[in-house]
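Structural features, examined
Next come the chains, spelled out residue by residue.
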Amino acid sequence: MITAAQMRAARALAGIDQKTLAELAGVSVPTIQRMEASEGVVRGVVDTLTKVIEALDAAGVELIGESDSGGRGVRLKKKA
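All of these numbers come straight from a predicted model, not from anything done at the bench. (Residues numbered from 1 in each chain as written. Predicted model: local features only at pLDDT ≥ 70, side-chain atom pairs only at ≥ 80, totals over all residues. Heavy atoms only, no water.)

Looking only at helix 2 (residues 18-25), the buried set comprises Leu21, Ala22 and Ala25. One side of helix 2 holds all its buried residues, which, seen down the axis, span an arc of 100 degrees. Among the exposed residues of helix 2, those oriented more than 90 degrees off its buried face are Lys19, Glu23 and Leu24. Turning to helix 2, the residues buried within the fold contact helix 1 (4-14), helix 3 (29-37) and helix 4 (46-58). (Buried < 20%, exposed > 50% of the residue type's maximum accessible area, 1.4 Å probe, protein only. Helix = DSSP H or I, 4+ residues; strand = E, 2+ residues; numbered from the N terminus. Arc of directions from axis to C-beta. Contact = heavy atoms within 4.5 Å.)

Here is the structure:
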């Protein structure tokens, strides 16, 4: 799962705009806009969500899930 806030933060951290994320994920810009404008957890077609998450991962951003020690977030992945 990914929240709209995580998605916006991940995109900002990667330094890409909505159009670029849409191109990387193979989805439309309006789809990205709708996802980022939603409240809380992004809902949508699982395939589309997977594509967006994979695109953010490929851009070097790691999504952090909610845990006992803290809330959801994003961070840059460690370089190998």
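Moving on from the coordinates now.
Attention shifts here to helix 3. Quick reminder: α-helices carry 3.6 residues per turn. Residues three or four places apart thus point the same way. Along helix 3, the positions that sit buried rather than exposed are Thr31, Ile32, Met35 and Glu36. All buried residues of helix 3 lie within an arc of 125 degrees about the axis, which places them on one face of the element. The exposed set on the far side of helix 3, more than 90 degrees from its buried face, consists of Arg34 and Ala37. Summarising the contacts, the buried residues of helix 3 are in contact with helix 1, helix 2 and helix 4.

This next bit is on the pattern of salt bridges. Where charged atoms of side chains with opposite charge meet at close range, the side chains can pair. Evaluated as defined, the whole model comprises five salt bridges. We note a salt bridge from Arg11 to Glu36, for which the minimum N-O separation is 2.7 Å. With a gap of 25 residues between them, Arg11 in helix 1 and Glu36 in helix 3 connect regions that are remote in the sequence. For the residue pair Arg11 and Glu36, the accessibility class agrees, reading buried in each case. (Salt bridge = Lys/Arg side-chain N within 4 Å of Asp/Glu carboxyl O.)

On to the UniProt feature "domain: HTH cro/C1-type" (unreviewed entry) in the protein, then. UniProt's entry tags residues 7-63 with the feature "domain: HTH cro/C1-type" (unreviewed entry), counted in the numbering of this structure. End C-alpha atoms of residues 7-63 are separated by 9 Å, and the span's content is 67% helix alongside 5% strand. (UniProt positions renumbered as here; feature names shortened; annotations may be inferred.)

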